[in-house]
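Survey of secondary and tertiary structure
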Amino acid sequence: MTEIVTSLIDGVAVGGTDGTLLPALNPTTEELLCQLREADADEVGQAADAARAAFAGWAGLATDRRNDVLYAIHDTLLVHADELATLEARTTGLTLTSVRGHVARAAASFRSFAEIASGLAGETYSQNADYLTYVTREPKGVAALIAPWNAPLALASMRVATCIAFGNTCVLKPSEYTPQSVCRMVELMHEAGLPKGVVNVINGRGHITGEALIAHKQIDMVGFTGGSETGRAIMATAARNLTPTILELGGKSAAIIAGDADIERAIDGALLGIYSSNGQQCLGGSRILVHRSIADQFIARFVERTKAIRIGDPLAATTEMGPILFERHRDRILSYIDIATAEGAELLTGGGRPAGLERGFFVEPIAVLAKSNATRVCQEEIFGPFATILIFDEIDEAITIANASDFGLVAYVWTTSLATAMRCSRTIRAGTIWINTPMMRELRAPFGGYKASGIGRDGATSSADFFTELKTTSIPVGDIAMARMGLA
Ligand code: NAD
């Protein structure tokens with residue numbers, strides 16, 4: 001019998017096997033992995049009520065006591081690292097090698113945000129001689145946290161860690177495509193000593209379970225990671241209750257390869273930027289902008305290396321790329337080959353089914369040489385192993401192209417010139433700029449997007465700002481003169 005994944009409310013798996021069951025497939029074998037029991041509005045309400053009931057107790061704990069739990073969660077996740085990584089690789093098709101890093105990141109998030117919460121301090125104002133005014137931070141309440149499928153553990157854990165480290169409780173909805181690893185992580189969090197009701201999980205589709213959660217009156221804030229269109233819908237629903245939202249959305253990021261770049265390192269970085277995580281990452285460097293002086297050399301080598309990427313079973317140690325998560329998504333990715341060629345782009349490589357892989361949603365990584373940044377293939381997020389290469393002549397032209405996008409999540413710059421690096425860092429409108437490095441996520445620093453890539457930032461200060469309320473208290477330091485009303 002296939003596993004049925006249910007909601008976890010107040011620390012208990014609820015719901016049995018009634019109601020709508022949704023299949024989740026193994027993208028490598030196309031076999032049924034588990035079934036998901038979709039939570040309806042009533043069940044969503046139970047989860048929100050459980051989070052509300054747990055709030056006063058969790059928020060009222062001394063930070064050090066909460067942190068005891070967060071450190072225990074860190075340790076427990078690491079003890080179960082192999083189990084979680086195998087589950088994650090099987091569910092998502094991400095390589096075991098990469099998801100081992102995600103599990104370590106998930107554990108690190110709980111430790112890091114415990115440390116950040118421990119260091120939080122308030123403000124005092126004594127400029128007015130008659131008063132002492134001080135500012136304290138308080139947990140904000142109950143969060144709705146909605147996660148995507150592309151890196152379930154790494155992304156869900158970060159949001160949960162930031163939320164509970166500052167004393168809040170939450171209802172988490174993983175993606176309907178990849179519920180298992182996140183549900184197992186939350187079970188392990190309870191085994192590590194997390195009080196019941198602090199983190200509740202509900203499962204189901206966005207327009208049913210997700211929307212009921214966002215609209216629920218008990219929800220004080222919404223943390224969402226996913227596509228920009230979904231972000232718009234979520235914000236509209238949240239607006240009805242004036243619920244604040246933090247949105248981490250899509251991207252179409254530029255990777256600029258300057259004429260003076262170390263070409264071999266730039267190729268290494270560009271390949272990782274677009275093809276790691278099976279190409280399904282918000283921060284993918286999907287528009288590769290190459291200086292004309294090195295374009296032929298770069299493209300020839302990039303294509304040669306792309307063709308040599310080892311595609312196969314994500315659980316095998318030598319695999320560099322696994323399958324696309326689901327069939328409809330794979331077909332959508334492939335449809336961009338026709339879109340691109342109709343727009344005048346040249347298909348350089350990819351798009352076929354890799355030899356020897358008869359089952360699974362596999363695709364050979366794709367690269368096209370585009371004619372213009374204005375074309376759809378350069379403007380729309382494909383969210384797959386699909387590199388679009390453009391050639392530029394001047395660095396200012398590359399910066400203009402990088403900025404000519406609805407998105408603004410990250411940008412990569414490969415150059416040996418400090419002046420070029422600084423110019424790009426200053427003028428590219430994106431939340432994170434990586435110079436001569438493929439990806440580097442400093443958890444303490446703000447991360448988030450400009451424009452359609454998001455609203456708000458994760459990070460030490462930014463997360464504290466989102467997940468706490470600021471309260472100002474003023475107290476006279478002595479007797480103050482006060483007008484007296486109503487005296488005869
Ligand atoms: P998605 O927007 O389709 O779904 C994300 C989550 O939202 C899922 O749990 C889904 O069930 C839920 N959802 C969908 N409609 C909803 C609604 N109306 N109300 C409430 N919840 C709803 O995204 P996806 O396909 O799972 O993930 C891929 C997208 O996520 C890409 O666009 C990618 O760039 C983006 N992403 C962004 C970041 C970032 O940090 N900026 C990180 C990872 C992924």
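Since we're looking at a predicted model, the values are computed, not measured. (Residues numbered from 1 in each chain as written. Predicted model: local features only at pLDDT ≥ 70, side-chain atom pairs only at ≥ 80, totals over all residues. Heavy atoms only, no water.)

Before going further, it helps to examine the domain arrangement of the protein chain. Each assigned domain of the protein chain is listed here: domain 1 (3-249 + 453-473) and domain 2 (254-435). Here the C-alpha centre of domain 2 lies 31 Å away from the C-alpha centre of domain 1. Between domain 1 and domain 2, the contact holds 23 residues from the first and 29 residues from the second. Ranking the residues of domain 1 by area buried against domain 2 places Glu 30, Trp 149 and Ser 453 at the top, with a combined share of 27%. One can count 0 salt bridges joining domain 1 with domain 2. For the interface between domain 1 and domain 2, the tally reads 9 residue pairs in polar contact (both at pLDDT 80 or more). (Domains from an automatic or database assignment. Contact = heavy atoms within 4.5 Å. Buried area = accessible area lost by both parts, 1.4 Å probe. Salt bridge = Lys/Arg side-chain N within 4 Å of Asp/Glu carboxyl O. Polar contact = N/O pair within 3.5 Å; in protein donor to acceptor, adjacent residues only side chain to side chain.)

Attention now moves to empty space enclosed by the protein. All chains considered together, the criterion is met by 4 cavities of 30 Å³ or more. Its volume calculated, the largest cavity comes out at about 90 Å³. Around the largest cavity, the lining comprises 14 residues; the ones closest to its centre are Gly 251, Gln 281, Ser 286, Glu 381 and Phe 383. A per-class count over the lining of the largest cavity returns 5 nonpolar, 7 polar and 2 charged. (1 Å grid on protein atoms, 1.4 Å probe; cavity = no way out; pocket = protein on both sides within 12 Å on 5 of 7 lines; lining within 4 Å. Points joined across faces, edges and corners; volume = space filled by probe spheres on them. Nonpolar A, V, L, I, M, F, W, Y, C, P; charged D, E, K, R; others polar.)

Another aspect to go through is the confidence of the model for the protein chain. For the protein chain, mean pLDDT is 97; residues scoring 70 or higher make up 100% of the total. Of all the helices and strands in the protein chain, strand 1 (residues 4-5) carries the lowest mean pLDDT, 92, while strand 8 (residues 142-146) carries the highest, 99. (pLDDT = per-residue confidence, 0-100. Helix = DSSP H or I, 4+ residues; strand = E, 2+ residues; numbered from the N terminus.)

Moving on, we come to the site of the ligand. As a structural note, the neighbourhood of the ligand is formed by 27 residues, with Ala 147, Glu 176, Thr 230, Leu 249 and Glu 381 the closest of them. Between the ligand and Glu 211 there is a distance of 3.4 Å, counted from a nitrogen atom to a side-chain nitrogen or oxygen. Interatomic distance of 2.6 Å between a side-chain N/O atom of Glu 381 and an oxygen atom of the ligand. For the ligand, whose unbound accessible area comes to 850 Å², protein coverage reaches 88%. Put simply, the parts of the chain that give the shell around the ligand at least two residues each are helix 7 (206-215), strand 11 (221-225) and helix 8 (228-240). The leading source of residues in the shell around the ligand is helix 7, at 3 residues. When its residues are assigned to classes, the shell around the ligand shows 13 nonpolar, 9 polar and 5 charged. (Near = heavy atom within 4 Å. Areas by Shrake-Rupley, 256 points an atom, 1.4 Å probe, with all protein chains shown as cover.)

Considering the arrangement of structural elements, one finds Arg 457 in the loop between strand 22 (454-455) and helix 15 (460-467). In this structure the C-alpha to C-alpha distance between Arg 457 and Leu 247, which are 210 residues apart in sequence, comes to 8.1 Å. At a separation of 3.1 Å, a polar atom in the side chain of Arg 457 contacts the main-chain carbonyl oxygen of Gly 449.

We now examine the environment of Ile 428. Among the secondary structure elements, Ile 428 is positioned in the loop between helix 14 (418-427) and strand 20 (432-435). Relative accessible area serves as the criterion here: at 5%, Ile 428 is assigned to the buried category. A sequence separation of 27 residues divides Ile 428 from Ile 401, and the C-alpha atoms of the two residues are 9.6 Å apart. Apart from the residues lying within four places of it in its own chain, the contact partners of Ile 428 are Ile 256, Ile 399, Ala 402, Asn 403, Ala 411, Val 413 and Ile 433. (Buried < 20%, exposed > 50% of the residue type's maximum accessible area, 1.4 Å probe, protein only.)

Taken in spatial order, the 3 strands of this open sheet run 6-7-23, and their pairing is antiparallel. Strands with a single pairing partner mark the edges of an open sheet, and in this sheet they are strand 6 (123-125) and strand 23 (468-476). Neighbour to neighbour, the strand axes of the sheet diverge by 20 degrees on average, direction disregarded. Taken together, the 9 bridges between strand 7 (residues 131-139) and strand 23 define a ladder with antiparallel strand orientation. (Pairing = 2+ DSSP bridges. Axes fitted to C-alpha atoms, helices over the stretch in contact; angles between N-to-C directions.)

Let us now look at the environment of Cys 170. Along the polypeptide, Cys 170 turns up in strand 9 (residues 169-173). Distance in space between the C-alpha atoms of Cys 170 and Asp 260 is 49 Å, their sequence separation being 90 residues. When sequence neighbours within four positions are dropped, the list of residues in contact with Cys 170 reads Ala 51, Ala 143, Leu 145, Cys 163, Val 198, Val 199 and Asn 200.

So, about the layout of surface pockets. Here the second largest pocket is characterised by a volume of approximately 210 Å³. Lining the second largest pocket are 13 residues, with Glu 3, Val 5, Cys 183, Arg 184 and Glu 187 sitting closest to its centre. For the lining of the second largest pocket, the secondary structure elements donating two or more residues are strand 1, strand 2 (7-9), helix 3 (81-92) and helix 6 (180-191). Looking at the lining of the second largest pocket, the element that brings in the most residues is helix 6, giving 4 residues.

Following both chains from N to C, one finds helix 3 and helix 4 (residues 96-118) inclined at 125 degrees, their axes separated by 9 Å at the closest point. Put simply, helix 3 runs oblique to helix 4. Where helix 3 crosses over helix 4, the handedness of that crossing is right-handed. Between helix 3 and helix 4, the contacting residues are Ala 81, Asp 82, Leu 84, Ala 85, Thr 86, Glu 88 and Ala 89 on the first element and Leu 96, Val 99, Arg 100 and Val 103 on the second. Class assignment for the residues of the contact of helix 3 with helix 4 results in 7 nonpolar, 1 polar and 3 charged. (Parallel < 35°, antiparallel > 145°, perpendicular 65-115°, else oblique. Left-handed = near helix turned anticlockwise from the far one by under 90°.)

This part is about the pattern of salt bridges. The tally for this structure, following the rule as stated, stands at 25 salt bridges. Residues Asp 458 and Arg 159 are paired through a salt bridge, measuring 3.1 Å at the closest nitrogen-oxygen approach. Of this pair, Asp 458 sits in the loop between strand 22 and helix 15 while Arg 159 sits in helix 5 (residues 152-165), placing them 299 residues apart in sequence. Side by side, Asp 458 and Arg 159 carry an identical accessibility label, which is buried.

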